[in-house]
Amino acid sequence: MRAPLPLAACLLLPIAVAGCDDAPATVPGDAQPADAQAPDGAPADGALAQDRGLPDALPDALPDAQVDAALPCGGPCPVGAHCVADACEPAPAPAPMSPIVADSTLCFSEHALPYGDDPVQVARQAAWFDALGRMGVRTLRQQFQWHRIERSQGSFDWSLPDGRIAAADAHGVETMALLGYGNPWASTLGAEHNDPYYPADDPTDFARFAAAFAARYPQITRFEIWNEQNAGYRFWKHPGGPDGQPDQYADLLIATADAIRAVRPDAVIGFGGVFYVPQAIIGGEAFLQAAYAARPALGDAFDALAWHPYGAYPPVDPPERDRPRGLLDIYPVDVTAARMVDIMTTHEGPAAADKPRWITELGWPSVMGMTPQRQADYLARGWLLALAGGVDTYCVYRVTEPDPALSALTPWEPSFGLLAHDPDPLDDVPPAEKPAVAHLVDLSAALAGLRFAARLDPDPRLPEGLHWFVFSDDAGARADVLWQVGEASELTVPATGEVQVTRLGEGPRPATGPLALTVDGTPVVIRR
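Treat the numbers as computed from the prediction; the structure is a model and nothing was measured.

Calculation rules
- Residues numbered from 1 in each chain as written.
- Predicted model: local features only at pLDDT ≥ 70, side-chain atom pairs only at ≥ 80, totals over all residues.
- Heavy atoms only, no water.
- Helix = DSSP H or I, 4+ residues; strand = E, 2+ residues; numbered from the N terminus.
- Expected span 1.5 Å × (residues − 1).
- Buried < 20%, exposed > 50% of the residue type's maximum accessible area, 1.4 Å probe, protein only.
- Pairing = 2+ DSSP bridges.
- Axes fitted to C-alpha atoms, helices over the stretch in contact; angles between N-to-C directions.
- Contact = heavy atoms within 4.5 Å.
- Salt bridge = Lys/Arg side-chain N within 4 Å of Asp/Glu carboxyl O.
- Polar contact = N/O pair within 3.5 Å; in protein donor to acceptor, adjacent residues only side chain to side chain.
- Core = buried A, V, L, I, M, F, W, Y, C linked by side-chain atoms within 4.5 Å.
- Phe/Tyr/Trp six-rings, centres within 6.5 Å; stacked < 30°, edge-to-face > 60°.
- Lys NZ or Arg CZ within 6 Å of the ring centre and 35° of its normal.

**Describing helix 6 (residues 203-216)**
Working step 1: Given a rise of 1.5 Å per residue, 14 residues ought to cover 20 Å, and the 20 Å separating the end C-alpha atoms of helix 6 matches this to within 8%.
Working step 2: Restricting attention to buried positions, one finds in helix 6 the residues Asp205, Phe206, Ala207, Phe209, Ala210, Ala211, Phe213 and Ala214.

Have a look at this one:
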């Protein structure tokens with residue numbers, strides 16, 4: 001049982017709890033309490049669910065919260081408020097801490113952008129960018145595979161990147177170019193296995209391709225070099241096993257950065273997004289450490305660091321999870337950022353903390369107990385945690401679900417998308433949208449123009465598991481974002497004048513304080 005909450009006349013009063021709606025679904029080999037069930041039927045996480053209760057009855061004031069009635073406000077005001085003229089009022093917004101404007105950071109990672117003049121593709125593209133525009137998406141991470149463009153040495157077919165990049169340009173969306181992988185003509189093992197995921201024998205072959213790409217598309221500034229290169233069984237294949245080869249990746253990154261900068265001095269070079277957790281492969285932290293150890297000057301080769309902070313794969317854990325799953329250490333999204341930055345500053349010095357931080361892929365599939373509503377909550381909360389971690393690009397994976405008639409790599413892979421597959425784009429019926437679309441539309445609008453300023457949790461006066469973030473701007477605008485991991489809480493939040501309250505997925509509504517809120521796994525934004 002947690003410690004008693006110090007309650008007083010003006011304190012936030014958590015007076016009710018509800019069943020856990022926020023527990024992760026199970027994955028094979030991870031034991032769960034048999035009697036713990038979330039309302040949607042997903043098994044609850046025992047450690048997140050335990051010790052969340054309140055006493056059967058709460059007195060008006062607990063003994064340790066008794067105060068002298070003559071004190072202003074009768075005692076201390078709640079978190080987020082201060083005492084003015086014997087009344088608790090919202091405290092001024094803290095000084096902004098982050099230079100990153102929240103609603104400028106939303107990105108999608110997608111490799112199947114529809115393009116071309118075919119009416120079906122035109123209709124699909126229109127639906128695609130309509131949804132992206134409503135969500136406030138500014139960036140699209142697009143994958144461009146070397147072997148599909150330079151099919152033989154020195155012979156380039158630019159039709160695919162021309163079409164995809166032109167489609168994004170036409171809708172005012174920046175393309176972040178993910179460049180990978182190998183090419184059978186440049187790799188002995190690639191040719192032997194007819195597999196493009198073996199890296200080139202000579203990294204300068206890949207570097208020349210990357211430079212040609214960068215020279216052709218001057219509108220693209222950001223280049224991410226490779227994807228999940230620590231997954232040696234999939235994206236950086238080699239005979240030595242499932243781990244990647246950090247020393248050889250470092251050589252490729254250095255050669256590629258030099259080649260791109262020779263033709264594009266304005267380019268921003270990203271260390272390719274590593275899969276964060278060491279799940280049968282070397283983890284992102286260890287891979288980054290080993291790459292620095294192999295090539296101490298590696299920091300000069302990249303301007304930004306990318307990673308994929310999945311808790312485990314397939315992803316079922318909430319983005320706040322902060323305890324091990326079996327043998328895996330799982331960290332909240334913002335903590336992964338801090339840990340990766342710590343590695344950079346250890347090897348490069350304090351200035352490395354200013355390098356941009358890119359989460360170039362994160363998502364949850366709406367299967368295995370992960371309902372579409374939970375998927376929506378986790379994506380929004382992942383974005384909020386990313387902002388708290390100083391991340392300037394947060395790429396959701398992915399936009400659309402593929403045609404169910406097509407074979408899939410895994411049973412869960414097709415369900416990451418937020419738009420359903422549309423079998424007939426010409427019937428004037430738009431593709432069905434999952435709740436995550438409305439969540440991201442609402443959150444983008446509610447945080448427009450604001451920057452992450454502070455978090456007001458944890459605090460002994462707040463329910464355990466309550467998250468409370470503050471966003472603000474230099475003109476005094478402020479938004480408080482609250483959500484609960486675990487049981488829902490009933491809170492009274494002080495507010496003066498009219499405010500705008502947005503429970504994600506339901507749109508904004510005007511309200512006046514004090515605000516009686518039910519706070520659960522769906523974030524609520526109070527814009528003052």
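From this point on, the discussion continues.
**With respect to the sheet that holds strand 11 (residues 357-362)**
Working step 1: With respect to topology, 8 strands assemble into a closed barrel ordered 3-4-7-8-9-10-11-12, the strand pairing being parallel. The sheet shows a mean angle of 25 degrees between the axes of neighbouring strands, taken without regard to direction.
Working step 2: Pairing between strand 10 (residues 304-308) and strand 11: 3 bridges, direction parallel. Bridging from a neighbouring strand, Ala306 pairs with Trp358 of strand 11.
Working step 3: Sheet strands touched by helix 4 (residues 159-170): strand 4 (139-145) and strand 7 (174-180). Its angle to strand 4, the strand with the most contacts, is close to 180 degrees.
Working step 4: Here helix 7 (residues 246-263) sits on the sheet in contact with strand 8 (222-227) and strand 9 (268-275), set at roughly 155 degrees to strand 9.

**Remarks on the pattern of salt bridges**
Working step 1: One pass over the full model with this rule turns up 27 salt bridges.
Working step 2: What you see here is one network of salt bridges that share partners, running through Asp130, Arg134 and Glu433.

**Focus: the side chain of Arg264**
Working step 1: Its place among the elements puts Arg264 in the loop between helix 7 and strand 9.
Working step 2: Among the polar contacts listed, one links the side chain of Arg264 to the backbone oxygen of Pro218, at a separation of 3.3 Å.
Working step 3: Residues contacting Arg264, with those up to four places away along its chain left out, are Ala214, Ala215, Tyr217, Pro218, Ile220, Thr221 and Phe223.

**Looking at the sheet that holds strand 13 (residues 451-455)**
Working step 1: Strand order in the open sheet made by the 6 strands is 13-14-15-20-17-18, with antiparallel pairing throughout. Looking at the sheet topology across the chains shown, the edges are occupied by strand 13 and strand 18 (508-512). Averaged over all pairs of adjacent strands, the angle between their axes in this sheet comes to 25 degrees, without regard to strand direction.
Working step 2: Where strand 17 (residues 498-503) lies against strand 20 (residues 524-527), 4 bridges are found, and the strand directions are antiparallel. Residue pairing across strands places Val501 opposite Ile526, the latter belonging to strand 20.

**A word on the nonpolar core**
Working step 1: Formed by 113 residues in total, the largest nonpolar core has its most connected members in Phe213 and Phe271.
Working step 2: It is helix 10 (residues 372-388) that provides the largest number of residues to this core, a total of 9 residues.
Working step 3: Listed in part, the 18 residues of the second largest apolar core include Leu466, Leu482, Val499 and Leu515.

**Concerning the packing of aromatic side chains**
Working step 1: Summed over the entire model, instances satisfying the criterion amount to 35 aromatic pairs.
Working step 2: Judged by centre distance (6.2 Å) and plane angle (55 degrees), the ring pair of Trp158 and Phe213 falls under tilted. Of the two residues, Trp158 sits in the loop between strand 6 (155-156) and helix 4 while Phe213 sits in helix 6, which places them 55 residues apart along the sequence. Accessibility assignment for this pair places Trp158 and Phe213 in one class, buried.
Working step 3: When the centroid spacing of 6.4 Å and the interplanar angle of 0 degrees are considered together, the rings of Trp383 and Tyr394 count as stacked. Of this pair, Trp383 sits in helix 10 while Tyr394 sits in strand 12 (residues 393-397); the two residues are 11 residues apart in sequence, bridging distant segments of the chain. Here the two residues Trp383 and Tyr394 agree in accessibility, since each one is buried.
Working step 4: Positioned over the ring face of Tyr197 is Arg234, at 5.0 Å from the centre of the ring.

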